[in-house]
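The chain contents come next:
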Amino acid sequence: MDELLKILNNVKPGVDFEHEENIMEDEIIDSFDIVTLVSMINDEFDIEITPADLVPENFKSAKTIYNMIERLQNEV
Amino acid sequence: MLINSIQFILFIIILLLIYKIMPKKYKWTVLLIASYIFYFLNSSKLIAFILVSTISIYFVAIKMQKIDEKAKIQAKNIEDKEEKKKLKNKAKKKKKIVLAVGIIFNLAILVFLKYSGFIAGSLNTILHINLPIFKFILPLGISYYTLQAISYIVDVYRGKVEADKNIARVALFVAYFPQLVQGPIGRYDELANQLYNPHEITFKNLTYGSELMLWGYFKKMVIADRVAMYVNGVFADYANYSGPIIIMAIIGYTLQIYAEFSGGIDIVRGASQMFGIELVENFKRPFYSKSVDEFWRRWNITLGTWLKDYVFYPVSLSKVTLKLTNFSRKIFKTSYFAKIVPISLPLLCVWLGNGFWHGSGLKYIVYGLYYYAIMMLGKIFEPVGKKIISLLKINVEAWSYKLWQMLRTCGFVCIGMLIFRAENLNAAIQMFKSIFNVHNLERIFNGEAFLIGGMTIADIVVLIIATVIFIGISIAKEHGKNIRESFAKQNLAFRWVILYGLIFAIIVFGAYGQGYNPQSFIYGQF
Amino acid sequence: MKNFFKATIFFIILILLIIVLSKVMNPSGGVKMWYSSNSILDFYEQTKDTIDVIYTGNSCIYSAVSPLEIYENTGITGYNLSTGGQKIWSSYYLIKEAFRLQKPKLIFVEVGELFSYADVEQEREKRYVIDSMEFSLNKMEMINDNIYNFSFEDKLGCVFPLFRYHTRWSNLDETDFRKIISKEEIMYKGYDLVKIVKKYTGKRQEHGNKARAQLSADAEKYASKIVELCKEKNCKLVFIKIPDPNVWTEEKHNAVVDLTSRLGVEYIDLSYDNLAGINWETDTQDVGDHLNIAGAEKISNYISDYLVNNTDFEDHRQDSKYTSWNMDLETYNLKKQQQN
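Residues numbered from 1 in each chain as written. Chains lettered and ligands numbered in written order. Predicted model: local features only at pLDDT ≥ 70, side-chain atom pairs only at ≥ 80, totals over all residues. Heavy atoms only, no water.

J.: For this particular structure, what's the right way to read the overall build of chain B?
T.: Within chain B one finds 21 helices and 0 strands. Relative to the globule expectation of 24 Å for 526 residues, the C-alpha radius of gyration of chain B, 26 Å, shows essentially globular dimensions. Taken along the three principal axes of its C-alpha coordinates, chain B extends 90 × 65 × 60 Å. Counting across all 526 residues of chain B, residues that qualify as buried make up 50%. Taking all contacts inside chain B whose residues are at least 6 apart in sequence as the whole, residues at least 24 apart take part in 75%. Total accessible area computed for chain B in this model is approximately 26100 Å², and 67% of it derives from carbon and sulfur atoms. The averaged location of the 30 negative side-chain charges in chain B is 6 Å from the averaged location of its 60 positive side-chain charges. (Helix = DSSP H or I, 4+ residues; strand = E, 2+ residues; numbered from the N terminus. Rg over C-alpha atoms; globule rule 2.2 N^0.38 Å. Buried < 20%, exposed > 50% of the residue type's maximum accessible area, 1.4 Å probe, protein only. Contact = heavy atoms within 4.5 Å. Areas by Shrake-Rupley, 256 points an atom, 1.4 Å probe, with all protein chains shown as cover. Lys, Arg positive; Asp, Glu negative; His and termini not counted. Charge placed at Lys NZ, Arg CZ, Asp CG, Glu CD.)

This is the structure we're talking about:
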């Protein structure tokens, strides 16, 4: 989880990602940041995020992103 | 059958009656049959194309789902994780091929019908050959339903949506008539169930829906069709106009296309609402946008989201782009450019797609690239801009600053509209240059500049009043007011006066019909 | 249920508003240039079953036959149902209208338009008539007749003139509003009184040429329909040509002679044989295209004689039912005597 928060702060510094509840829909990070975010997450957690995963439900908060990461890790 | 015609209104009325009396189980078939009748009335034999597309995506979706199911069953019987992964990947590859076939097949039809002439012509010019150039009549809504069809199979591929076993349901999704003319581009998960489930025809839906339609007709017929006279007059003869007249024509065209497009969407959304089916909004007061970025999230919204979900994200997460992302991260570390370089590729694809989608011709490609350039430059100079703002201690929350941002965005958009509307690139460049040619100012002061294309003073008065009303409603909506709801709470007398006012504004002030030219009615005694 | 009731009221009021606005926007009865429409508009004011003779055709005949002159001479009532450029098919429907509201016993049809084709008919020629007619089944039949080449929108604009003339909103004047309440008398039982004199000095009618001009098939078709209709209604029918030297030729005369003998209809050609004694120095208002009051008097006198000698129609001058005619005649004579 900490690594994830580090990545998030790297992509968009100055945001309290621990408590943000609506990251994608409120456009805290925009579509451009998503790309960088995804590439960093893919590298860090050795998963492959696909466009199918890029939905608001997965990117609501740091928690939901982490859930998605875990799910993708287990899906292998 | 145009949507702004009495025939369309009669069509809707008859359809509502039939839908109401149909038993619940079959209500959706009314919509399906009506959609095909509507299609046939508009494109007759070309209906074959939408049928072919529908059938293709139906089978592609079913096939992909079968591949998945087979793989799941096989995977159950395998213990080894490596084997499981291999199986999964094989299935994924198979699915991908089927998907690719589906996409390419449908895109090919669209490209061939819409762009073959342009492609052949361009090849002829570049390679000095002589390919035959065909110009085809396009089947109604092909640019819209093709995107919708592709979104369905991609969503099935991604597991977002289950393949529909009922081909008639798929057919209804693709051919649903309100969205054939100019969108909005719907998604299967939002739309399919709505279309299929029976709805009660409620008084509220009927009134809200028809009010929305009236508002759409008002925008289209009183504003758009009227200002179009002026715009057409100037653009058809652009060499003879300069300076402020060109500016007015460009702004006029922007107003025209906004009123026409959003008005058309209102009409179809209103019509759809009467059946209890909600189509997504396609416009959210785009001229409030403070950046071109934001503009394209408020203008033709469904095209933007389609490009985001089916072009931008897939390209951004593709192997090529990820490689590029890693590469730029290594080179630029965490600097700003680490982010910019990787999005340049997907963004280019989006804007080329956007440009191409709008039309067949060089100017449309330039149109797309124009916005691409603005966005890329905007992104590149973002840190510079931020620095300047902090240095000059500019208050970005001040309404005057926000106004500047909106006007600046309008400016960019208007220039984009110039490229879009001008006869061709040359004309656009000519017209842009002539903006700075300001030597006929007296035409403004004596009013001549306004009376082009058959516009009369009466027309201008009507246009201004109607536009002011339009702006007023937009401001109210931007501040969160739900117009129809608050309208419904007013007293009956007021509501009826406004409704009659709106209806007769459309009938009397609408720019339709042959017009009454007293000259042609003079009986010269022979 | 309450909502359904409210909605119904809403639509009823809407239709009423459309009808009222249509009346305002309708140029017929309001716009000066549509003056010949008054011929039809005034027809609806006539008391039922009081008109014995109907005259119908284009501007030639509405400038040449004055029913009040004929009434003064004979006490026989008549009405001139003619508008500018009126085609035979429009005359057909107007005759039907006449049968709907009156019981005419004799109809004169001007034959000039027997050589006109439907595909070049001007919009105004159709609409001077249609926009002046009251709503009726006859009018619906007329609007749906393919001879007019109306599109769906055109037809809608005939039923509700608001949709056709809505652009007039910026040039309405008070006559357009006043005409809903009352209308000015411009014509006299459909006759257009003009005193201007502009003499005709052109060629005289030739005699001796045996050639035939080509009749319009469209017009022939409706001429036959008129014949059928009059037979059915037991009404006498006469085809007539008003003096029209700039346009009328011997070939045309011959063609109509053939047609009328085929149809079994009487034909009087006042242009070919100057039976009414028209004097081209004094009797035309526009160098031969139309007659003026002097010419109209002569034509009307000729017709008066024809009626007395060929019909047994009553003299209504002592009939109390026709006092309005006596009053109208007085107004008419006063107008004739005025300087202009």
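J.: Sorry if this is basic, but what is going on with the overall build of chain C here?
T.: For chain C, the count of helices and strands is 14 helices and 5 strands. Against the compact-globule benchmark of 20 Å for 340 residues, chain C has a radius of gyration of 21 Å, which places it among compact chains. In terms of overall dimensions, chain C has a C-alpha envelope of 75 × 45 × 40 Å along the principal axes. By the burial criterion, 56% of the 340 residues in chain C qualify as buried.

J.: Just checking my understanding: could you explain helix α14 (residues 362–380) of chain B for this structure?
T.: Along an α-helix, residues three or four apart share an orientation, since each turn contains 3.6 residues. Here α14(B) spans 26 Å end to end across 19 residues, near enough to the 27 Å set by a 1.5 Å rise per residue. Inspection of α14(B) places Lys363(B), Tyr364(B), Ile365(B), Tyr367(B), Gly368(B), Tyr370(B), Tyr371(B), Tyr372(B), Ile374(B), Met375(B), Met376(B) and Lys379(B) among the buried residues, and these make up the whole buried set. (Expected span 1.5 Å × (residues − 1).)

J.: Help me understand the pattern of salt bridges, please; the structure alone is not making it clear to me.
T.: Where charged atoms from two side chains of opposite charge approach closely, those side chains can pair. All names here are of chain C. According to the stated counting rule, one finds 38 salt bridges over all chains in the structure shown. Between arginine 164 and glutamate 123 there is a salt bridge, with its nearest N and O atoms 2.7 Å apart. Highlighted residues: arginine 164 in helix α9 (residues 161–165) and glutamate 123 in helix α6 (residues 123–130), separated in sequence by 41 residues. In this structure glutamate 123 comes out as partly exposed when scored by relative accessible area, which is 23%. Note that glutamate 281 is salt-bridged to lysine 199, the shortest N-O span being 4.0 Å. A residue pair is termed long-range when its members are at least 10 positions apart, and glutamate 281 in the loop between β5 (266–269) and α13 (293–310) and lysine 199 in the loop between α10 (174–178) and α11 (217–232) qualify at 82 residues. (Salt bridge = Lys/Arg side-chain N within 4 Å of Asp/Glu carboxyl O.)

J.: Please explain empty space enclosed by the protein as it appears in this structure.
T.: In this approach the atoms are scanned with a rolling probe the size of a water molecule, which exposes any empty space left behind. Residue and element names in this part refer to chain B. Summed over all chains, the structure comprises 4 cavities of 30 Å³ or more. Within this model, the largest cavity holds a volume of roughly 60 Å³. Partitioning the lining of the largest cavity into residue classes produces 4 nonpolar, 3 polar and 3 charged. Structurally, the lining of the largest cavity is a two-domain feature, drawing no fewer than three residues from each of domain 1 (6–198) and domain 2 (201–283 + 427–512). The calculated volume of the second largest cavity comes to roughly 40 Å³. (1 Å grid on protein atoms, 1.4 Å probe; cavity = no way out; pocket = protein on both sides within 12 Å on 5 of 7 lines; lining within 4 Å. Points joined across faces, edges and corners; volume = space filled by probe spheres on them. Nonpolar A, V, L, I, M, F, W, Y, C, P; charged D, E, K, R; others polar. Domains from an automatic or database assignment.)

J.: Can you help me understand the interface of chain B and chain A in this one?
T.: Note: interface size is frequently given as the accessible area lost on complex formation between the parts. Taken together, the contacts link 21 residues of chain B with 24 residues of chain A. When chain B packs against chain A, the two sides together hide about 2100 Å² of surface, and 64% of this comes from carbon and sulfur. Summed over the three residues of chain B that lose the most area to chain A, namely Tyr313(B), Leu317(B) and Lys339(B), the buried surface amounts to 28% of that side. Taken together, chain B and chain A are joined by 0 salt bridges. Scanning the region where chain B abuts chain A turns up 0 residue pairs in polar contact (both at pLDDT 80 or more). (Buried area = accessible area lost by both parts, 1.4 Å probe. Polar contact = N/O pair within 3.5 Å; in protein donor to acceptor, adjacent residues only side chain to side chain.)

J.: How should I be thinking about the packing of α14(B) against helix α16 (residues 399–421) of chain B in this particular structure?
T.: Packed helices, taken two at a time, are described by the angle their axes make and the gap between the axes. All names here are of chain B. In the contact formed by α14 and α16, the axes pass within 8 Å of each other and the chain directions differ by 165°. With respect to α16, the axis of α14 lies roughly antiparallel. As for how α14 packs across α16, the hand of that crossing is right-handed. Residue-level inspection shows Lys363, Tyr364, Val366, Tyr367, Tyr370, Tyr371 and Ile374 of α14 in contact with α16, the latter providing Phe412, Val413, Ile415, Gly416, Ile419, Phe420 and Arg421. Along the lines of polarity and charge, the residues of the contact of α14 with α16 split into 11 nonpolar, 1 polar and 2 charged. (Axes fitted to C-alpha atoms, helices over the stretch in contact; angles between N-to-C directions. Parallel < 35°, antiparallel > 145°, perpendicular 65-115°, else oblique. Left-handed = near helix turned anticlockwise from the far one by under 90°.)

J.: Just checking my understanding: could you explain the packing of helix α2 (residues 27–43) of chain B against helix α6 (residues 167–175) of chain B for this structure?
T.: Residues and elements named next belong to chain B. Where α2 meets α6, the axes come as close as 9 Å, and the angle between the chain directions of the two elements is 55°. Put simply, α2 runs oblique to α6. In the crossing of α2 with α6, the sense of the turn from one axis to the other is left-handed. On the side of α2, the interface is formed by Trp28, Leu31, Leu32, Ser35 and Tyr36, while α6 contributes Ala168, Arg169, Ala171, Leu172 and Ala175. Taken together, the residues of the contact of α2 with α6 break down into 8 nonpolar, 1 polar and 1 charged.

J.: How should I be thinking about a negative patch on the surface in this particular structure?
T.: Residues and elements named next belong to chain A. A surface patch of negative charge is lined by Asp2, Glu3, Asp16, Glu18 and Glu44. By the secondary structure assignment, glutamate 3 is in helix α1 (residues 2–11). Accessibility expressed as a relative area gives 37% for glutamate 3, which makes it partly exposed. (Patch = residues over 30% accessible without salt bridge, like charges linked within 9 Å, V, L, I, M, F, W, Y side chains within 5 Å.)

J.: Please clarify how the nonpolar core should be interpreted in this entry.
T.: Soluble globular proteins tend to pack their nonpolar side chains together in the buried interior. Ile41(A) and Tyr152(B) are the most contacted members of the largest nonpolar core, which has 193 residues in total. Considering each element in turn, this core owes the most residues, 15 residues, to helix α9 (residues 244–274) of chain B. Excluding residues within four positions of it along the chain, Tyr152(B) makes contact with Ile57(B), Ala61(B), Val161(B), Glu162(B), Ala163(B), Asp164(B), Val170(B), Phe173(B) and Tyr188(B). Formed by 60 residues, the second largest nonpolar core is a distinct cluster that contains Tyr71(C), Leu114(C), Leu193(C) and Ala296(C). (Core = buried A, V, L, I, M, F, W, Y, C linked by side-chain atoms within 4.5 Å.)

J.: When you look at the packing of aromatic side chains in this model, what are you seeing that I'm missing?
T.: The way to describe two aromatic rings as a pair is by their centre distance and the angle between their planes. Tallied over the full model, the rule gives 64 aromatic pairs over all chains. Judged by centre distance (5.5 Å) and plane angle (45°), the ring pair of Phe38(B) and Phe177(B) falls under tilted. Pair noted here: Phe38(B) is in helix α2 and Phe177(B) is in the loop between α6 and α7 (188–196), with a separation of 139 residues, a long-range link. There is no split in this pair, since Phe38(B) and Phe177(B) are both buried. Aromatic side chains Phe312(B) and Tyr313(B) sit 5.8 Å apart centroid to centroid with 55° between the ring planes, which places their arrangement in the tilted category. Over the ring of Trp325(C) we find Lys189(C); its NZ or CZ atom is 4.1 Å from the centre of that ring. Over the ring of Phe115(C) we find Lys252(C), and its NZ or CZ is 5.4 Å from the ring centre. (Phe/Tyr/Trp six-rings, centres within 6.5 Å; stacked < 30°, edge-to-face > 60°. Lys NZ or Arg CZ within 6 Å of the ring centre and 35° of its normal.)

J.: For this particular structure, what's the right way to read the arrangement of the chains?
T.: Highest in contacts among the 2 pairs of chains that touch are chains B and C. In this structure chain A stays clear of chain C, and the shortest span between their C-alpha atoms is 40 Å.

J.: What exactly am I supposed to notice about the environment of Ser59(C) here?
T.: All names here are of chain C. When you line up the elements, serine 59 lands in helix α3 (residues 59–62). You can call serine 59 buried: its relative accessible area is 0%. Here the alpha-carbon distance between serine 59 and leucine 291, two residues 232 residues apart in the chain, equals 9.7 Å.

J.: Mind showing me how you'd approach the side chain of Ser39(A) here?
T.: Looking at the element boundaries, Ser39(A) is found in helix α2 (residues 31–45). We classify Ser39(A) as buried; its relative accessible area is 2%. With residues up to four places along the chain from it excluded, the contact list for Ser39(A) reads Leu322(B), Thr325(B), Asn326(B) and Arg329(B).

J.: Which parts of the structure should I look at to understand the domain arrangement of chain B?
T.: Residue and element names in this part refer to chain B. Domains assigned within chain B are domain 1 (6–198), domain 2 (201–283 + 427–512) and domain 3 (291–394). Here the C-alpha centre of domain 3 lies 31 Å away from the C-alpha centre of domain 2. The interface is formed by 8 residues belonging to domain 2 together with 6 residues belonging to domain 3. Between domain 2 and domain 3, the buried area comes to about 620 Å², and carbon and sulfur atoms account for 60% of it.

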